[in-house]
Amino acid sequence: MQYIGTICEITPDKSMVRVNYLGTITKFIPYAQRANSFKRSFSPPRIGEQVVVNQLRDGGFKYAMPSIFNAKTPEPSGCSQTKEITEYEDGTIISYDTSNSTLEILSPKLIYIVCNEVRIKGNLEVEGNIHATGTIIDDSGNTNHHTH
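Everything in this summary refers to the structure shown in the same document. (Residues numbered from 1 in each chain as written. Predicted model: local features only at pLDDT ≥ 70, side-chain atom pairs only at ≥ 80, totals over all residues. Heavy atoms only, no water.)

1. Some thoughts on the pattern of salt bridges
A complete count under the given rule lists 3 salt bridges for this structure. One salt bridge connects Arg18 with Glu9, and the closest N-O pair in it is separated by 3.4 Å. Of the residues examined, Arg18 reaches a relative accessible area of 29% and is grouped as partly exposed. The shortest N-O distance in the salt bridge between Glu117 and Arg119 comes to 2.7 Å. Arg119 carries the same exposure label as Glu117, and that label is exposed. (Salt bridge = Lys/Arg side-chain N within 4 Å of Asp/Glu carboxyl O. Buried < 20%, exposed > 50% of the residue type's maximum accessible area, 1.4 Å probe, protein only.)

Structure below.
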């Protein structure tokens, strides 16, 4: 059986929710997420979010399927059959469009990348200021220990 309901309570540390559907409030039930040995992804549920509650035939186990687009939370602007978009509550948008192979990250604040090495192959265009600390190595392998 399936019901459409609204999340009314959330556990602070797990993906468990209580859902109000047809005037009934569930016990804490799992809020479905992507999780397997290849990849785990967590998207926090929100009170007031509309979900689908699935219940097994025997009346036992229930779980909530996340988010249904609706008037309060419509599809992100610009999405299409070739463009996937993730839009966060602070205005950050990450999108990928297969029609032109374009990955785009729009952030109102800082983008912080931590890794051992970054390689950029192709043309690099920078609009704004560049601040660099550390060792600069030119094409011939010579090092320059200045801060730029």
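There's more to say after this.
2. A word on unusual backbone geometry
Backbone geometry places Leu22, a non-glycine residue, at a positive phi of 50°. By the element assignment, Leu22 lies in the loop between strand E2 (16-21) and strand E3 (24-25). (Helix = DSSP H or I, 4+ residues; strand = E, 2+ residues; numbered from the N terminus.)

3. Examining the side chain of Ser15
Among the secondary structure elements, Ser15 is positioned in the loop between strand E1 (2-10) and E2. A polar contact is formed between the side chain of Ser15 and the side chain of Gln33, at a distance of 3.1 Å. If sequence neighbours within four positions are ignored, Ser15 has contacts with Ile29, Pro30, Tyr31, Gln33 and Phe42. (Polar contact = N/O pair within 3.5 Å; in protein donor to acceptor, adjacent residues only side chain to side chain. Contact = heavy atoms within 4.5 Å.)

4. Things to note about a nonpolar patch on the surface
A contiguous nonpolar surface patch, about 690 Å² in accessible area, is contributed by Tyr88, Ile94, Tyr96, Leu103, Ile105, Ile111 and Ile113. When contributions to the nonpolar patch are tallied by element, the ones reaching two or more residues are strand E10 (93-97) and strand E11 (102-106). Taking relative accessible area as the criterion, Ile113 reaches 66% and is therefore assigned exposed. (Patch = residues over 30% accessible without salt bridge, like charges linked within 9 Å, V, L, I, M, F, W, Y side chains within 5 Å. Areas by Shrake-Rupley, 256 points an atom, 1.4 Å probe, with all protein chains shown as cover.)

5. Observations regarding the nonpolar core
Tyr3, Ile7, Val17, Val19, Tyr21, Ile29, Tyr31, Val51, Val53 and Ala64 together form the largest nonpolar core, which totals 10 residues. When residues of this core are traced back to their parent elements, those giving at least two are E1, E2 and strand E7 (50-55). With 3 residues, E2 is the single largest residue contributor to this core. Not counting residues within four places of it along the chain, the set of residues in contact with Ile7 comprises Val17, Arg18, Val19, Tyr31, Pro45, Arg46, Ile47, Gly48, Glu49 and Val51. (Core = buried A, V, L, I, M, F, W, Y, C linked by side-chain atoms within 4.5 Å.)

6. Brief notes about the sheet that holds strand E9 (residues 83-87)
The strand order across the open sheet built from 3 strands is E9-E10-E11, with neighbouring strands paired in antiparallel fashion. Sheet topology places E9 and E11 at the edges, where each strand pairs with a single neighbour. Recorded for the sheet is a direction-independent mean angle of 10° between the axes of neighbouring strands. Alignment of E9 against E10, held across 5 bridges, turns out to be antiparallel. Residue Glu84 lies in a different strand from E10, and its bridge partner there is Tyr96. (Pairing = 2+ DSSP bridges. Axes fitted to C-alpha atoms, helices over the stretch in contact; angles between N-to-C directions.)

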